[in-house]
Amino acid sequence: MSNRRTLPDPGQLANAIRTGDRVALGRAITFTESARPEHQALSRAVISELLSTPASRQTLRIAITGAPGAGKSTLIEAFGLYLIEQGHRVAVLAIDPSSQVSGGSILGDKTRMEQLSIHDSAFIRPSPSGDSLGGVARKTRESTLLVEAAGYDIVLVETVGVGQSETAAHSMTDLFLLLLLPGAGDELQGIKRGIVEMADLLFVNKADGERGALAQEARRHYANATHLLPSKPSGWAPRVLTGSAIEHQGISELWSGIQAFVQLTRSNGYFEQNRQQQAAYWLKEALQDGLYQLFYTHDAVRQSLNAVEKEVLAGRMSPFAAAEQVLEVFRGSSV
Ligand code: GDP
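Residues numbered from 1 in each chain as written. Predicted model: local features only at pLDDT ≥ 70, side-chain atom pairs only at ≥ 80, totals over all residues. Heavy atoms only, no water.

Looking at the nonpolar core
The criterion, for reference: Only buried residues count toward a nonpolar core, which is a set of Ala, Val, Leu, Ile, Met, Phe, Trp, Tyr and Cys residues joined through side-chain atoms within 4.5 Å. Relative accessibility under 20% of the residue-type maximum defines a buried residue, over 50% an exposed one, and the middle range a partly exposed one, all with a 1.4 Å probe and only protein chains included. Residue contacts are defined here by distance: any two heavy atoms, one from each residue, within 4.5 Å place the two residues in contact.
Core analysis: the biggest nonpolar cluster contains 44 residues, and I17, L25, V46, I95, L146, V147 and L202 have the highest contact counts within it. Other than its neighbours up to four places away in sequence, L25 contacts I17, F123, L146, V147, A150 and Y152. Grouped together as the second largest cluster of nonpolar side chains are 36 residues, L75, L83, I154 and F203 included.

Encoded structure:
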């Protein structure tokens, strides 16, 4: 109860976020990540308040993925600092459903982005934890809205590059960047074909020292591979670049590639259309989650479900008739 009394006023919190108060931003994200209903309600109120005044700057959301060790944090550090030099403010978020198990496998350790993490124009937040990828992803999506409202115009969403979190990152970003290593095919890097297909830009990292030739070879390989893919609804043909995050090589070329993508997709309407589709997707997801919650936490439904389950297991009732009976209980009750 005492907690409830200390909850901030959503309007004040939203104002503090708008003025760039990092503590307020961090707090709002914590409420977004919390499972407590009153925190969730507060987070919704803050986000609604913030969305009611459109962002003054155009924002750009970039997914960054690649196998562990490909150099994601090193690239984010180099690229983030480069963007800040260009006058941008950069937020780094992550989707890593394994973070609960491993105690934060990506972005958990801020020293991985030493300079960026202490920069005034950067905001870094480790992956939220959660029971399901959907839950984790949803929190990151909401945090994106919060950091944008706080004036971070470029949001980098990092994922580990080995599983489903890429699809989630793809569903909340404008552009998908895949980091690759020289001299290893995607199978060896643990990169699934579907991930290569999602990529708008591919960056063969570690093209330094003796790996220069291997990196060029990898670039050709991926250029061929992406050439064979069906064309994208964005009208953009994926580009393959090489560089070295550690030596800050290829960073401005990466930014040029990103700008070319943005220019094309803004002029052909895809950029806006994609954001709208993503918003519709998250609306549907939120409704599904809400319905699921409503249904399974409903007392009469639970009782009915317990009862019919026994009948179904004993073979005395068909699963479909049983489901219908439980749904009838739900329909007939005022929720
Ligand atoms: P992540 O797991 O994808 O985030 O990869 P890290 O950024 O932690 O990098 C993994 C290792 O590769 C670290 O030891 C980095 O110093 C190293 N590394 C990252 N980028 C480069 C690069 O461009 N060149 C070289 N030679 N090493 C790099």
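So, unusual backbone geometry
What counts here: Strands here are runs of E lasting at least two residues and helices are runs of H or I lasting at least four, both read from the DSSP assignment and numbered beginning at the N terminus.
Located in the positive-phi region is K206, a residue other than glycine, with phi close to 65°. Turning to its location among the elements, K206 is positioned in the loop between β6 (201-204) and α12 (212-227). A positive phi angle, close to 55°, is found at H248, a residue other than glycine. On the basis of relative accessibility, which here comes to 46%, the residue H248 falls in the partly exposed class.

Focus: empty space enclosed by the protein
Note the threshold: Detection works on a 1 Å grid of protein atoms alone, calling trapped sets that fit a 1.4 Å probe cavities and calling open sets with protein on both sides within 12 Å along at least five of seven lines pockets, with lining residues defined by an atom within 4 Å of a point. Grid points are joined across faces, edges and corners, and a volume is the space filled by probe spheres set on the points. Under this grouping Gly is polar, as are all residues other than the nonpolar Ala, Val, Leu, Ile, Met, Phe, Trp, Tyr, Cys and Pro and the charged Asp, Glu, Lys and Arg.
Scanning the model with the defined rule gives 1 cavity of 30 Å³ or more in all. In this structure, the largest cavity spans a volume of roughly 40 Å³. Lining the largest cavity, in full, are I29, E33, L93, A94, R125, P126, P128, T140 and S143. Of all the elements in the fold, those that place two or more residues in the lining of the largest cavity are α3 (22-33), β2 (90-95) and α8 (133-149). Residue composition of the lining of the largest cavity, grouped by class: 5 nonpolar, 2 polar and 2 charged.

A short note on the sheet that holds strand β7 (residues 239-242)
Sheets are built from strands that pair by backbone hydrogen bonding, the pairs being arranged parallel or antiparallel. Inclusion rule: DSSP-based pairing: two strands are paired if at least 2 bridges between them are found. Between the N-to-C directions of two axes lies an angle of 0 to 180 degrees, each axis being a line fitted to C-alpha atoms and, for a helix, fitted only over the stretch in contact.
An order of β3-β2-β4-β1-β5-β6-β7 is seen for the 7 strands of this open sheet, with the pairing classed as parallel. In the strand order of this sheet, the two ends are held by β3 (122-124) and β7, each with one partner. With direction set aside, neighbouring strand axes in the sheet form an average angle of 20°. The sheet strands contacting α12 are β5 (175-180), β6 and β7, and the helix crosses β7 at an angle near 175°.

A look at the layout of surface pockets
Put simply, the rule is: Boundaries between domains were set according to an automatic or database domain assignment.
Each pocket or cavity is described by its volume, and for the largest pocket that value is around 1200 Å³. Lining of the largest pocket is provided by 30 residues; of these, Q40, R44, R138, E142 and D289 occupy positions nearest its centre. Listed by contribution, the elements that provide at least two residues to the lining of the largest pocket are α3, α4 (37-51), α8 and α14 (270-296). Broken down by element, the residue count for the lining of the largest pocket peaks at 9 residues, all from α14. By residue class, the composition of the lining of the largest pocket is 11 nonpolar, 10 polar and 9 charged. Formed jointly, the lining of the largest pocket draws a minimum of three residues from each of two domains, domain 1 (1-52) and domain 2 (54-268).

Some remarks on the confidence of the model for the protein
What counts here: Each residue gets a pLDDT score, which is the predictor's confidence in that residue and runs from 0 to 100.
Mean pLDDT for the protein: 89, with 90% of residues reaching 70 or above. Element-level pLDDT for the protein is lowest in helix α6 (residues 99-102), with a mean of 55, against a maximum mean of 98 in helix α13 (residues 251-267).

Quick notes on the site of the ligand
To keep things clear, this is the line we draw: Nearness of a residue to a molecule or strand requires only that one of the residue's heavy atoms be within 4 Å of it. Any N or O atom pair separated by 3.5 Å or less is treated as a polar contact, with the protein-specific requirement of one donor-capable and one acceptor-capable atom, and with residues adjacent in sequence counted only for side-chain atom pairs.
Among the 16 residues in the neighbourhood of the ligand, the closest are listed as K72, S73, T74, R112 and D208. S73 is positioned such that a nitrogen or oxygen atom in its side chain is 2.7 Å from an oxygen atom of the ligand. Note that a nitrogen atom of the ligand is positioned 2.6 Å from one of the side-chain N or O atoms of D208. A class-by-class count of the residues in the shell around the ligand yields 5 nonpolar, 6 polar and 5 charged.

Some words on the packing of α3 against α8
Operational definition: Angles are sorted into four bins: roughly parallel if under 35 degrees, roughly antiparallel if over 145, roughly perpendicular if 65 to 115, and oblique for all others. Should the near helix be turned counterclockwise from the far one by less than a right angle, the crossing is left-handed, whereas a clockwise turn marks it as right-handed.
As a packed pair, α3 and α8 sit with axes 9 Å apart at the nearest point and diverge in direction by 155°. It follows from the interaxial angle that α3 and α8 lie roughly antiparallel. Of the two elements, α3 crosses α8, and the hand of that crossing is right-handed. Across the interface between the two elements, L25, A28, I29, T32 and E33 of α3 pack against K139, E142, S143, L146 and V147 of α8. When grouped by side-chain class, the residues that make up the contact of α3 with α8 number 5 nonpolar, 2 polar and 3 charged.

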